[in-house]
Structure formats: C-alpha cells, structure tokens
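This is what each chain is made of:
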Amino acid sequence: MKFIDLIWQECRMIGKSILYFAFLFVLLLFFSSQYAADRASDLENIASGNRVTINQYGEKSINPFIEPKETDGFYGYKRAEVPEQVMPRVAAALYKECRDNKYASYPYRFIKWVKLGKDKQERAEEIFQEITGYTISEYNDIVKKRYQMHQEEISENNTGFYEIPISETLTYQQFKERMLELEEMIGPESSYSNLERYGREEISYEDAVKEYDSLVKKDKVSGAYARLFCDYMGIVLAIFPAFVAVAYVRRDKRAGIRELVYSRQIPSIKLIGARYLALVLMMFLPVLVLCIPATQEIYSGVKLLGLPIDVLAFFKYSITWLLPTLMFTVSLSYFLTELTQTAIGILVQGALWFLTLIRTPLVGEYEWSFFLRHNSIGGYAAYKAGVNEILINRIAYVIVSIGLVLMISALFARKRKGRWYGKRRPVKVPLDRQ
C-alpha cells in the first residue's frame, strides 16, 4: 500500500472517532468564546472611526487603529501604582471581601476562594479600620445610606467599585505593609498583590505613536491578532489531542486484533509514520480552517480605515507556533501509550500542560514552554525581543517530536517480533472476515 493511501486510510478511521468530534467542539468553543470575545470590542472601535470615545460614565477609551495626533490631548492609559488611586480602590475591595469573609486568590491562575479563621478574620477587620478609620459595621451603615440616596448609581453588589476614604494619618508605606500582611493570611496572588493594577496614568503622545506604529505598521494589525489566536488555540492543542491520540492507539487492543496489526507486512516506520501524520493532519487542518474567518474579520474591519494587513499572518503563526505544539502533544502521548499500553499519556500530558499554564507569563519569556503564550494584541516589543528564543523553542520541539516517533517505531517493531509480549498466540480468524 502506498504511503499516501495509508495516511488517508488512517485519517478516515480518526474521523469516525467520537473523541475527535469532541476535540473539534472544544476547538470551536475556544475560538468563539475566547478569541472572538477578545476581538469583538476592537472591531466595534474600528467601525466607530473615532480616536477617542467617551462612555456614559465619562470614561475615555482609545481606538488603537487610528493614528494619534498631537492635538488629541488624550492618548490612553497605562497601569501605574499611583497611591491616591490605589489606596481607596484596594480599601473598597477589602471592604467587600472582609464583609463576606470570602477572599479571592489566584495561586495557579485559577480563582480560589479563601475563608479566614476567626483570628485572621478579626485581624483583617482591624486592617480595614486602620486604613479607613471605619469598622466594617460602621461602613455597612454608610453604604446603606448611599444606596438609599442613589439607587440608580449604587448597588450593594457593586460596592467593590466605591472609592473609600483613607485615614489621613496613614502613609503609603504603612498601607503597603498592611497589604503584605493580608497577602500572607490569604495566600499568593490575592486582591492585595500587584497593587499596580489598581492605578493608571495617561501615556504620552510619543508612547501612543510607538504603540500605533507597532500595531499598524510593523504588525499590520493581523500579526497582533494572529498571536492572540495562537495563544488560545495553543491551550487546546497542548492537551486535548492527547485524548484523541491515546484512544486511537489503544483501539486495536480494545478490538482484540493487535496481533493482526503486528502481522502486517507494512514496515513499522511506515505504519507509525502514517498514523502519526494522520493524527497531526486531522487535528491541524481544523486550525487552518479557522484561520480563514479570523483573517476575513480583521480584513473587513481595517479596510474601513484603509489599513493594509498581512493576509497570511494567521496561517504563518499557526504553522510556526501551533504545529510544533501539536506534534509534541501527539508524539509524547502516543509514545507513552505504546510503551505502557495504558492511558497514562493523558495524565502525563495533563500534568505538563497544567504546570506550563501556571508558570508561563501571558506575554514574553517564551523559553522552553511547549506551548507559547501571548495573550495580548500589544506586546510587540516583547515578541520581537524573543524571536530567537521562539525559533529555538519551536525547532527543539519539532526535533523532540520526530525523535519520539522514531522511538515509537522501534518499540512497535520489537512488539511485532514478539520481543515485548513474549510468544504470540495464534489468532483464529473466521472465514467470512477479510
């Protein structure tokens, strides 16, 4: 049988798997609920045609696709640890969490709710009083009065957005010391870590021009969104193909025909190569298909502004960023399944996926992560600084994947010769079976 025909035969078998359809569903779900949700508001900004927009609350926002002018007067915000902004907003968050004894933390980038014991809860209430001058019960009365006076503007569910007055005798250094104490009681990545996120300051005209040049002129818009697309798709390709691959490799054993498979005259390297390529192709082609509507949306949006885009950006980033991830996921789970004849490949891949997810920054520091993160349409400078790092990373995982496939072929060849399971038992085949 020709190699191409063998790949096609394996592809058809994969296409009949329920788990393969489950993989397609998850891939489409991430595309529509994560990537699509991120770029929806941006496309609305493009359609508006205005550089600066003001919402009903008087807050300004920037359309990053329109070139800034020195006469604009406002060029956007960036995060900054501004004490007069940080302290009242953190105090508001502390009021709500302390009132409910329900503290949010993100130790593994997933939310974890913490309930403090009696002593720690009392200390948290003391800290609130030290930084505001109010007890929790006293501030409850203030909130109720405000709510009654301004029902349309204030709701108890939104008390976390109030800017609570801060004690005049409290210095910012003392405030930060109290926040460190709270973090020790609650755990890492709580509401009292990374105080910079509670403040912001306006960026300069020069910085705004640099951001515009990076997004529009250097990235041609589509490059920025292609990285965001690969960020979300990479999360899927780093774990879910393992389920498809493990089920596919184990299907012969479940059907009780492994001995028949071993007796084929097809060389082991040819058979394993065909199976591996079929798995990779069947799970990478849907990604390439999703690149088409993703490119079309960006093209339709920016053409209103007369901006050029790189129509191949999504395809190029998918091949260079996502294909090595998929190759590694399939090869590792395939190898472990062939080695142990169990589903341990899913457990190992899941553990590796989880550790990579919680330890990899959302932008930059690509290093040796087997799937790359770039969860922003900005960060072009971080991407350019890490290009060599990305190149080495991707090449390394392709080489490792090929090495694993060769190891699978060698292992499979030994099993065919009976050097793994011992002497093979004869297989009785009914006359009506081919």
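Note that the coordinates shown come from a computational prediction; the quantities given were computed from them, not determined experimentally. (Residues numbered from 1 in each chain as written. Predicted model: local features only at pLDDT ≥ 70, side-chain atom pairs only at ≥ 80, totals over all residues. Heavy atoms only, no water.)

## Here we look at the overall build of the chain
Our working rule: Think of it this way: any DSSP run of H or I at least four residues long counts as a helix, any run of E at least two long counts as a strand, and we number them from the N terminus. Think of it in three bands: with a 1.4 Å probe and only protein chains considered, a residue is buried below 20% of the maximum accessible area for its type, exposed above 50%, and partly exposed in between. Residues are treated as being in contact if the distance between any of their heavy atoms lies within 4.5 Å. Calculation of accessible area relied on Shrake-Rupley with a 1.4 Å probe; when residues are assessed, cover is drawn exclusively from the protein chains displayed.
Helix and strand counts for the chain come out as 16 helices and six strands. The burial tally for the chain puts 44% of its 434 residues in the buried class. Long-range pairs, those at least 24 residues apart, make up 74% of the contacts in the chain between residues at least 6 apart in sequence. Total accessible area on the chain stands at roughly 23,300 Å², and carbon and sulfur atoms take up 57% of it.

## What about helix H1 (residues 3–14)?
Stated precisely, the cut-off is as follows: Expected helix span is computed as 1.5 Å times (number of residues minus one). It is the directions from the helix axis to the C-beta atoms that the arc portrays.
Its twelve residues place the ends of H1 17 Å apart at the C-alpha level, agreeing with the 16 Å of an ideal helix rising 1.5 Å per residue. All of the buried residues in H1 are Leu6, Ile7, Glu10, Cys11 and Ile14. Buried residues of H1, seen end-on, are gathered within an arc of 140° and therefore sit on one face of the element.

## Describing the pattern of salt bridges
To keep it simple, the criterion reads: Any Lys or Arg side-chain nitrogen found within 4 Å of a carboxyl oxygen on Asp or Glu counts as a salt bridge.
Within this structure, the stated rule accounts for 13 salt bridges. Of the charged contacts, one joins Arg178 and Glu130 as a salt bridge, the two residues approaching to 2.6 Å between their closest N and O atoms. Separated by 48 residues along the polypeptide, Arg178 in helix H6 (residues 172–186) and Glu130 in helix H4 (residues 118–132) bring together distant segments of the chain. Look at Glu130 and you get partly exposed, because its relative accessible area is 32%. Connected through shared salt-bridge partners, Arg123, Glu126, Glu130, Glu177, Arg178 and Glu181 make up one network.

## A few points about the confidence of the model for the chain
Caution applies to low-pLDDT regions: their predicted coordinates should not be interpreted in detail. Put simply, the rule reads: pLDDT expresses how confident the predictor is about each individual residue, on a scale running from 0 to 100.
Averaged over every residue, the pLDDT of the chain is 84; residues scoring 70 or more account for 85%. Mean pLDDT values over the elements of the chain span from 49, in helix H11 (residues 258–262), up to 95, in helix H13 (residues 313–340). Scored below 50 in pLDDT, residues 421–427 makes twelve contacts in the model with residues more than four places away or belonging to other chains.

## Section: the nonpolar core
Stated precisely, the cut-off is as follows: Put simply, a nonpolar core is a bunch of buried Ala, Val, Leu, Ile, Met, Phe, Trp, Tyr and Cys residues held in one set by side-chain atoms that sit within 4.5 Å of each other.
Of all hydrophobic cores here, the largest spans 78 residues; its most connected members are Tyr35, Val221, Phe229, Leu279 and Phe314. Residue contributions to this core peak at 16 residues, all from helix H12 (residues 268–302). In contact with Leu279, not counting residues within four places along its chain, are Ile14, Val244, Ala245, Tyr248, Val330 and Tyr334. Ile131, Val143, Met179 and Ile186 belong to the second largest nonpolar core, which has 30 residues in total.

## So, the environment of Phe31
Relative to the assigned elements, Phe31 resides in helix H2 (residues 18–48). Judged by relative accessible area, Phe31 falls into the buried class, the value being 9%. With sequence-adjacent residues up to four places away left out, Phe31 is seen in contact with Ala36, Phe229, Met233, Leu290, Pro293 and Ala294.

## Re the side chain of Ser401
Operational definition: Polar contact is the term for a pair of N or O atoms within 3.5 Å; when the atoms are in protein, one must be able to donate a hydrogen and the other to accept it, and sequence-neighboring residues count only if both atoms are side-chain atoms.
Along the chain, Ser401 falls in helix H16 (residues 387–416). Ser401 gets classed as buried once you look at its relative accessible area, which sits at 0%. Here the side chain of Ser401 touches Tyr397 through a polar contact of 2.6 Å, landing on its backbone oxygen. Setting aside anything within four residues of it in sequence, one finds Ser401 in contact with Tyr276, Pro324, Met327, Phe328 and Ser331.

## Focus on the packing of aromatic side chains
Put simply, the test is: Any Phe, Tyr or Trp ring, taking Trp's six-membered ring, that has another such ring centre within 6.5 Å forms a pair; planes under 30 degrees apart are called stacked, those over 60 apart edge-to-face, and the others tilted. In our convention, an over-ring charge means Lys NZ or Arg CZ found within 6 Å of a ring centre and within 35 degrees of that ring's normal.
Taken as a whole and assessed by the stated rule, the structure comprises 23 aromatic pairs. Both rings, one in Phe65 and one in Tyr225, keep their centres 6.4 Å apart while their planes meet at 20°; by these two values the pair is stacked. Of this pair, Phe65 sits in the loop between strand S2 (60–62) and strand S3 (77–79) while Tyr225 sits in helix H8 (residues 222–237), and the two are 160 residues apart along the sequence. Note on Phe65: relative accessible area 1%, which makes it buried. The interplanar angle of 35° and the centroid separation of 6.0 Å between the aromatic rings of Tyr95 and Phe128 together place this pair among those described as tilted. With Tyr95 in helix H3 (residues 83–100) and Phe128 in helix H4, this pair connects stretches of sequence that are 33 residues apart. On the basis of relative accessible area, Tyr95 is assigned to the buried category, the value being 1%. Grouping aromatic residues by their ring pairs yields a cluster made of Phe31, Tyr35, Phe229 and Phe314. The ring of Trp113 carries the charged tip of Lys102 above its face, separated from the ring centre by 4.6 Å. Over the face of the ring belonging to Tyr383 we find Arg227, whose NZ or CZ atom lies 4.5 Å from the ring centre.

## Remarks on the environment of Ile14
Within the secondary structure, Ile14 is located in helix H1. Look at Ile14 and you get buried, because its relative accessible area is 1%. Considering only alpha carbons, one finds Ile14 and Tyr248, 234 residues apart in sequence, at a separation of 7.1 Å. Filtering out sequence-adjacent residues up to four positions away, Ile14 remains in contact with Tyr20, Val244, Tyr248, Ala278, Leu279 and Met282.

## Describing the layout of surface pockets
This is how it is decided: The method works on a 1 Å grid over the protein atoms by themselves. A cavity is a set of points holding a 1.4 Å probe that cannot get out, a pocket is an open set with protein on both sides within 12 Å along at least five of seven lines, and residues with an atom within 4 Å of a point line them. Grid points are joined across faces, edges and corners, and a volume is the space filled by probe spheres set on the points. Here the nonpolar group is Ala, Val, Leu, Ile, Met, Phe, Trp, Tyr, Cys and Pro; Asp, Glu, Lys and Arg are the charged ones; every other residue, Gly included, is treated as polar.
One number sums up the size of the largest pocket: a volume of about 1,100 Å³. In this structure, the largest pocket is lined by 30 residues; those nearest its centre are Tyr77, Lys78, Ile203, Glu211 and Gly378. Take the lining of the largest pocket: its biggest share by element is seven residues, from helix H7 (residues 205–218). Of the residues belonging to the lining of the largest pocket, the class tally is twelve nonpolar, seven polar and eleven charged.

## So, helix H9 (residues 240–249)
Of all the ten residues making up H9, eight are buried; the element is thus mostly covered by neighbouring parts of the structure. Taken together, the buried positions of H9 are Pro241, Ala242, Val244, Ala245, Val246, Ala247, Tyr248 and Val249.

## Let's talk about unusual backbone geometry
The backbone of Lys220 sits at a positive phi, close to 50°, despite the residue not being glycine. Within the secondary structure, Lys220 is located in the loop between H7 and H8. On the basis of relative accessibility, which here comes to 39%, the residue Lys220 falls in the partly exposed class. Positive phi, normally seen in glycine, also occurs at Gln341, with a value near 60°. Within the fold, Gln341 resides in the loop between H13 and helix H14 (344–359). Residue Gln341 is classed as buried on the basis of its relative accessible area, which comes to 8%.

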